[in-house]
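A look at the structure
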Amino acid sequence: MVTSRSMATIVPKQDQFYDFGRQIFKTYGLTLERVGRMRLVLVAAAALIDGNGAVLLAQRPEGKSLAGLWEFPGGKIEAGERPESALCRELFEELGVDVAPADLEPLGFASHTYENFHLLMPLWTTRTWQGQPRGREGQALAWVQPEALQDYPMPAADLPLIPVLSSHLFQSQNA
Ligand SMILES: Nc1nc2c([nH]c(=O)n2[C@H]2C[C@H](O)[C@@H](COP(=O)(O)OP(=O)(O)OP(=O)(O)O)O2)c(=O)[nH]1
């Protein structure tokens, strides 16, 4: 039988938990304060690639977080939504294009801690869609060749994805 006395001996004191937590979070460059109020935000995004090997980027409009930065079209995955379905929904809402989930090819993912949330963002590529992409939410669009991606400032989360995307484009150009 577990008595309150034996419980007291096996359950570490609260500050011991905190010490353990601090060590773990330090390893990942986090602080307890940041983790305590951090949400996990799931976002699905796509790199649309045209026949010239250019990638479509959208500029985040004024008034939104990260305004002015260029991003891959996409958006938050809603509760109960399949990520690929969420992405196709977002691509239609933002760009007016129809993409079939079967035409999405997984490329990689971003996992990045922002000030108030942690972003987990899978990125797909697609070369197949119906319709002409247009910024239906007032956002500027740009078709960007891989060597020019560095001229388009992107959110910190996206930066590790750029070499992955560039090498994917390079390989498919030379296949
Ligand atoms: N779609 C997209 N979102 C990105 C990228 N990189 C990146 O950090 N994000 C962030 C910005 C947003 O915080 C979140 C996407 O959410 P969202 O598309 O619903 O945009 P939102 O402006 O309504 O989001 P927010 O104001 O609530 O931050 O992911 C990217 O390449 N594409």
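Each residue is numbered by its place in its chain's sequence as written, counting from 1. The predicted nature of this model means local features are confined to residues of pLDDT at least 70 and side-chain atom pairs, given and counted, to a pLDDT of 80 or more, with totals for whole chains, interfaces and linings taken over all residues. Excluded from the side-chain calculation are hydrogens and water; included are all heavy atoms of the structure.

Stated formally: UniProt positions are given in the numbering used here, feature names are shortened, and annotations may be inferred rather than shown by experiment.
Where an unreviewed UniProt entry is consulted, the protein appears under the name 8-oxo-dGTP diphosphatase, with the organism given as Candidatus Phycosocius bacilliformis. In its Sequence similarities (unreviewed entry) section, the UniProt record describing the protein reads: "Belongs to the Nudix hydrolase family." Check the Cofactor (unreviewed entry) section of the UniProt entry for the protein; it says "Mg(2+)".

Topic: the sheet that holds strand 5 (residues 105-113)
Strand pairing in a sheet relies on backbone hydrogen bonds. The paired strands run either parallel or antiparallel. In plain terms, the rule: The pairing criterion for strands is at least two bridges between them, as found by DSSP. A run of DSSP states H or I qualifies as a helix once it reaches four residues; a run of E qualifies as a strand once it reaches two. Both are numbered from the N-terminal end. Simply put, an axis is a line fit to the C-alpha atoms, just over the touching stretch for a helix, and the angle between two N-to-C directions goes from 0 to 180 degrees.
One open sheet holds the 4 strands; their spatial order is 4-1-6-5, and the pairing between them is mixed. The open sheet terminates on both sides in strands that have one partner only, identified here as strand 4 (74-76) and strand 5. Strand-to-strand, the axes of this sheet are offset by a mean angle of 15°, without reference to chain direction. Pairing geometry for strand 1 (residues 39-48) and strand 6 (residues 117-126), over 8 bridges, is parallel.

Observations concerning the sheet that holds strand 7 (residues 141-144)
Ordered in space as 3-2-7, the 3 strands form an open sheet in which the pairing is antiparallel. Edge positions in the sheet fall to strand 3 (70-71) and strand 7, since each of these pairs with one other strand and no more. Direction of pairing for strand 2 (residues 55-59) relative to strand 7: antiparallel, over a ladder of 4 bridges. Bridge assignment links Ala-58 to a residue of strand 7, and that residue is Leu-141.

Some thoughts on the layout of surface pockets
To be explicit about the condition: Only protein atoms enter the 1 Å grid, on which a cavity is a set of points fitting a 1.4 Å probe that cannot get out and a pocket is an open set with protein on both sides within 12 Å along at least 5 of 7 lines, lining residues being those with an atom within 4 Å of a point. Grid points are joined across faces, edges and corners, and a volume is the space filled by probe spheres set on the points. All amino acids are sorted into three groups, where Ala, Val, Leu, Ile, Met, Phe, Trp, Tyr, Cys and Pro are nonpolar, Asp, Glu, Lys and Arg are charged, and the leftover types, Gly among them, are polar.
Size it by volume and the largest pocket reaches roughly 590 Å³. Around the largest pocket sit 29 residues that line it, and Val-43, Arg-60, Glu-71, Gly-75 and Lys-76 are the ones nearest its centre. Those elements that place two or more of their residues in the lining of the largest pocket are strand 1, strand 2, strand 4, helix 4 (83-95) and strand 6. Looking at side-chain class alone, the lining of the largest pocket contains 15 nonpolar, 5 polar and 9 charged residues.

Topic: helix 4
Stated formally: Every helix has an expected span of 1.5 Å times one less than the residues it contains. To sort residues, take the accessible area from a 1.4 Å probe on protein chains only and compare it with the maximum for the residue type: under 20% means buried, over 50% means exposed, and anything in between is partly exposed. Note on contacts: a residue pair is in contact if any heavy atoms of the two residues lie within 4.5 Å.
Compared with the 18 Å implied by 1.5 Å per residue over 13 residues, the 18 Å span of helix 4 between its first and last C-alpha is a close match. Listing the buried residues of helix 4 in full gives Glu-84, Ala-86, Leu-87, Cys-88, Glu-90, Leu-91, Glu-94 and Leu-95. Buried residues along helix 4 sit in contact with strand 1, strand 2, strand 4, strand 6 and strand 7.

Some points on the pattern of salt bridges
Note that side chains of opposite charge can pair when their charged atoms are close. The condition that has to hold: The salt bridge criterion pairs a side-chain nitrogen of Lys or Arg with a carboxyl oxygen of Asp or Glu, the two atoms within 4 Å.
All told, the structure shown has 6 salt bridges when counted by the stated rule. Across the salt bridge formed by Arg-89 and Glu-78, the nearest N and O atoms sit 3.8 Å from each other. Taken together, the positions of Arg-89 in helix 4 and Glu-78 in the loop between strand 4 and helix 4 put the pair 11 residues apart, joining distant regions of the chain. The class of Glu-78 is partly exposed, set by a relative accessible area of 48%. Here Arg-89 ties to Glu-93 by a salt bridge, and the two come within 3.4 Å at their closest N and O atoms. Residue Arg-89 and its partner Glu-93 are located together in helix 4, separated by 4 residues, close to a single helical turn. A relative accessible area of 35% means that Glu-93 is categorised as partly exposed. Because the salt bridges share partners, they merge into one network encompassing Glu-78, Glu-81, Arg-89, Glu-90 and Glu-93.

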